[in-house]
Amino acid sequence: MRSLARVGLALLVVLLMAPLARAGDGLALTPPMGWNSWNKFGCNVSEKLIRDAADALVSSGMKDTGYEYVVIDDCWQVRRDAAGKIVADPERFPSGIKALADAIHAKGLKFGIYSDAGSMTCAKRPGSKGHETQDAKIYAEWGVDYLKYDWCSTDGQDTRDSYAKMSRALRASGRPIVFSICEWGNSKPWTWAQGIGHLWRATGDIQDCWDCGASWGGMGVVHIIDLMADLYAFSGPGHWNDPDMLEVGNHGLTLAENRAHFSFWALFAAPLMAGNDLQSMKPEIRDILTNREVIAVDQDPLGMQGRKVRDAGAHEVWVKPLADGSRAVILFNRGSEESPIAAPWEDIGLFPGGKALVRDLWKKADVGSFTGRFEAKVEPHGVVMVKITPQF
Ligand code: GLA
């Protein structure tokens, strides 16, 4: 009787675990990290640019801090041949995509590429509509590890079906390929894309500015932060909300804003795809992109997206629970004056009367032991980002 009960219990556990096992293919268990050509270079891509970026990823120390995928965005492709095979620009990529992928792999990095679910990409190059299986196969032959899949020229197409089609084609290719869905959050992909893609854009295109906006849907960093605020329940290992690639180091943000931008992407457990010119990056930008303590918040194995817990107009407190029982906390000052901002323990899920150790992740220093709350002065458009560990 007892062994029957045991078998029953084991069966129940297997049944309960089955959906989890199906959803996860072991890819992107922490948010993908890398570099993508679009934000800085747009259509001005070439094999030299991509190789130089890969070299700089290594020499800058970024590879050592976890940046892995080197992704060519739009404009590498020019046409299809008579057999329908996608053709890379022969002038800009004279050695071909396979040779480029091999060179990236030889540096210990991974290689990513871009296409579109419609007939044309956003820069009017050939899209993958009707060629999904053929494209996925060639990507696998080339050694592609990551596909960003856009949503231009898709009139009349069903979003979920179109992305599911490419997802199936990638799986059938036999190569593990991270699938990055890019339809700008239009159809709320967080409600349907888990198990289809590993990450999905949650917003319009990021712009190199703090709070600007563009009529076509481009948006500055703070607007993206606000759009991400309510999506924390939908992110986790293997399925991430993507607030778009980083603008850190692209000249439109002050140093404080760059730090705030990077801090929030880490708190969101966002993919960290650098989007700047790595070869000419200033030391203070490299210091932001390679801050191991902030990156550790992003890459925390629990994979929880942080959320806003206190909103007092220009002053906010955001928190992300970490696997070791501590909390990453951002004190955020949207205003134009330096101001003190406090995080009371009850807001961040700690015992109100308890003691906790506070470490400043930008100063890379312990601040001390505090009881009940932590308060710090925060610069305009800036953050103080701390790790708060309860002391028992
Ligand atoms: C869309 C995407 C961008 C970029 C461009 C390329 O706008 O959202 O990230 O890939 O297309 O044309």
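See above for the structure.
For every chain, the first residue of its written sequence is number 1, and the numbers climb from 1 along that sequence. Local features in this predicted model are restricted to residues of pLDDT 70 or higher, and side-chain atom pairs are both shown and tallied only at a pLDDT of 80 or more, whereas totals for entire chains, interfaces and linings draw on every residue. The side-chain values count all of the structure's non-hydrogen atoms but skip hydrogen atoms and water molecules.

1. Digging into empty space enclosed by the protein
Throughout, the protein atoms alone are placed on a 1 Å grid, and a set of points is a cavity if a 1.4 Å probe fits but cannot get out or a pocket if it is open with protein on both sides within 12 Å along at least five of seven lines; lining residues have an atom within 4 Å of a point. Grid points are joined across faces, edges and corners, and a volume is the space filled by probe spheres set on the points. Evaluated as defined, the whole model comprises 1 cavity of 30 Å³ or more. Taken as a whole, the largest cavity encloses approximately 80 Å³ of empty space. Those elements that provide at least two residues to the lining of the largest cavity are β6 (146–150) and β8 (199–201). Three residue categories are used. Nonpolar comprises Ala, Val, Leu, Ile, Met, Phe, Trp, Tyr, Cys and Pro, charged comprises Asp, Glu, Lys and Arg, and polar comprises the others, including Gly. Class assignment of the residues belonging to the lining of the largest cavity gives a composition of 6 nonpolar, 2 polar and 4 charged. In DSSP terms, a helix is any run of H or I states spanning at least four residues, a strand is any run of E spanning at least two, and both are numbered starting from the N terminus.

2. Let's talk about the state of the cysteines
The disulfide criterion used throughout: a pair of cysteine sulfur atoms within 2.5 Å. On inspection of all chains with the given rule, the structure shows 3 disulfides. Paired by a disulfide, Cys-43 and Cys-75 hold their sulfur atoms 1.7 Å apart. Note that Cys-43 is positioned in the loop between α2 (38–41) and α3 (47–59) and Cys-75 in the loop between β2 (69–71) and β3 (77–80), a separation of 32 residues in sequence. Under the scheme applied here, a residue whose accessible area is under 20% of the maximum for its type counts as buried, over 50% as exposed, and between as partly exposed, the area being computed with a 1.4 Å probe on protein chains only. The exposure class assigned to Cys-43 is partly exposed, which follows from its relative accessible area of 31%. For Cys-75, a relative accessible area of 1% gives the class buried. The residue that forms a disulfide with Cys-209 is Cys-212, at a sulfur-sulfur distance of 1.8 Å.

3. Re the side chain of Asn-36
Relative to the helices and strands, Asn-36 is located in strand β1 (residues 33–36). Whenever a nitrogen or oxygen atom comes within 3.5 Å of another N or O atom, the pair is scored as a polar contact, on the condition that within protein one atom can donate a hydrogen and the other can accept it, and that pairs from neighbouring residues in sequence are kept only if both atoms are in side chains. Within the structure, Asn-36 has its side chain in polar contact with the backbone nitrogen of Trp-38 (distance 2.6 Å). Those residues within four positions of Asn-36 in sequence are excluded, and the remaining contacts are Val-71, Asp-73, Lys-148, Met-245, Ala-274 and Gly-275. A contact between two residues is defined here by any heavy atoms of the two lying within 4.5 Å.

4. A word on the pattern of salt bridges
Salt-bridge detection follows one rule: a side-chain nitrogen of Lys or Arg within 4 Å of a carboxyl oxygen of Asp or Glu. With the rule as written, the count across this model stands at 21 salt bridges. Asp-226 is the salt-bridge partner of Arg-334, the closest N and O atoms lying 2.5 Å from each other. Taken together, the residues Arg-334 in the loop between β13 (327–333) and β14 (339–344) and Asp-226 in helix α7 (residues 221–228) connect sequence positions 108 residues apart. Among the residues examined, Asp-226 registers a relative accessible area of 35% and is labelled partly exposed. Between Arg-373 and Glu-375 there is a salt bridge; the shortest N-O distance is 3.1 Å. Judged by its relative accessible area of 40%, Arg-373 falls in the partly exposed class. Residue class for Glu-375 comes out partly exposed when judged on its relative accessible area of 41%.

5. Considering the nonpolar core
In this text, buried Ala, Val, Leu, Ile, Met, Phe, Trp, Tyr and Cys residues form a nonpolar core when linked through side-chain atoms within 4.5 Å. Counting 90 residues, the largest nonpolar core has Trp-35, Trp-76, Tyr-139, Phe-262, Phe-264 and Trp-265 as the members making the most contacts within it. Throughout the structure description, domain borders are defined by an automatic or database domain assignment. Split by domain, this core shows at least three residues from each of two domains, domain 1 (8–12 + 306–391) and domain 2 (25–298). Every residue in contact with Trp-265, bar those within four places of it in the chain, is listed here: Ile-206, Val-221, Ile-224, Ile-225, Pro-243, Asp-244, Leu-246, Ala-270, Pro-271, Leu-272 and Asp-298. Core analysis: the second largest hydrophobic core is formed by 17 residues, Ala-343, Leu-350, Ala-356 and Val-378 among them.

6. Quick look at the sheet that holds strand β9 (residues 240–242)
Any two strands with at least two DSSP-identified bridges between them are counted as paired. Strand order in the open sheet made by the 8 strands is β9-β8-β7-β6-β5-β2-β1-β10, with parallel pairing throughout. If you trace the sheet from one side to the other, it starts and ends with β9 and β10 (272–274), each paired once. Sheet twist, expressed as the mean angle between neighbouring strand axes with direction ignored, is 25°. Bridge analysis of strand β7 (residues 178–181) against β8 gives 2 bridges, and the strand direction is parallel. The partner of Ser-180 across the bridge, within β8, is Leu-199. Its contacts with the sheet put α3 on β1 and β2, and the angle it makes with β1 is roughly 145°. Angles shown run from 0 to 180 degrees and are taken between the N-to-C directions of axes, each axis being a line fitted to C-alpha atoms and, for helices, limited to the stretch in contact.

7. A short note on the sheet that holds strand β11 (residues 307–312)
Read from one edge to the other, the open sheet built from 6 strands follows the order β11-β12-β13-β18-β15-β16, with strand pairing classed as antiparallel. Strands at the two margins of the open sheet, each flanked by one partner only, are β11 and β16 (365–371). On average, each strand axis in the sheet is inclined to that of its neighbour by 25°, with strand direction left out of account. One ladder, built from 7 bridges, connects β13 with strand β18 (residues 382–391); its direction is antiparallel. Its bridge partner lying in β18, Ile-330 is registered against Met-385. Sitting on the sheet, helix α8 (residues 255–267) is in contact with β11, β12 (315–321), β13 and β18, with an inclination near 40° to β18.

8. Quick word on helix α5 (residues 132–142)
When we look at burial in α5, the residues that qualify are Glu-132, Asp-135, Ala-136, Ile-138, Tyr-139, Ala-140 and Trp-142. Where α5 is buried, its residues touch β3, β4 (86–88), α4 (96–106), β5 (110–116), β6 and α6 (159–172). Of the residues flanking the end of α5, it is Gly-143, one or two places downstream, whose phi is positive at about 95°.

9. What about the packing of α3 against α4?
Relative orientation of the contacting elements α3 and α4 amounts to 10°, with a least axis distance of 10 Å. As the angle between them shows, α3 and α4 are arranged roughly parallel. Between α3, through Glu-47, Ile-50, Arg-51 and Ala-54, and α4, the contact on the second element is made entirely by Gly-96, Ala-99, Leu-100, Ala-103 and Ile-104. In these notes the angle categories are as follows: under 35 degrees is roughly parallel, over 145 is roughly antiparallel, 65 to 115 is roughly perpendicular, and the rest is oblique.

10. Overview of unusual backbone geometry
With a phi close to 65°, Trp-184 is a non-glycine residue in the positive phi region. Topologically, Trp-184 is positioned in the loop between β7 and β8. Unusually for a residue other than glycine, Ala-269 sits at a positive phi of about 55°. For Ala-269, the position within the fold is in the loop between α8 and β10. Classification of Ala-269 as buried rests on a relative accessible area of 0%.

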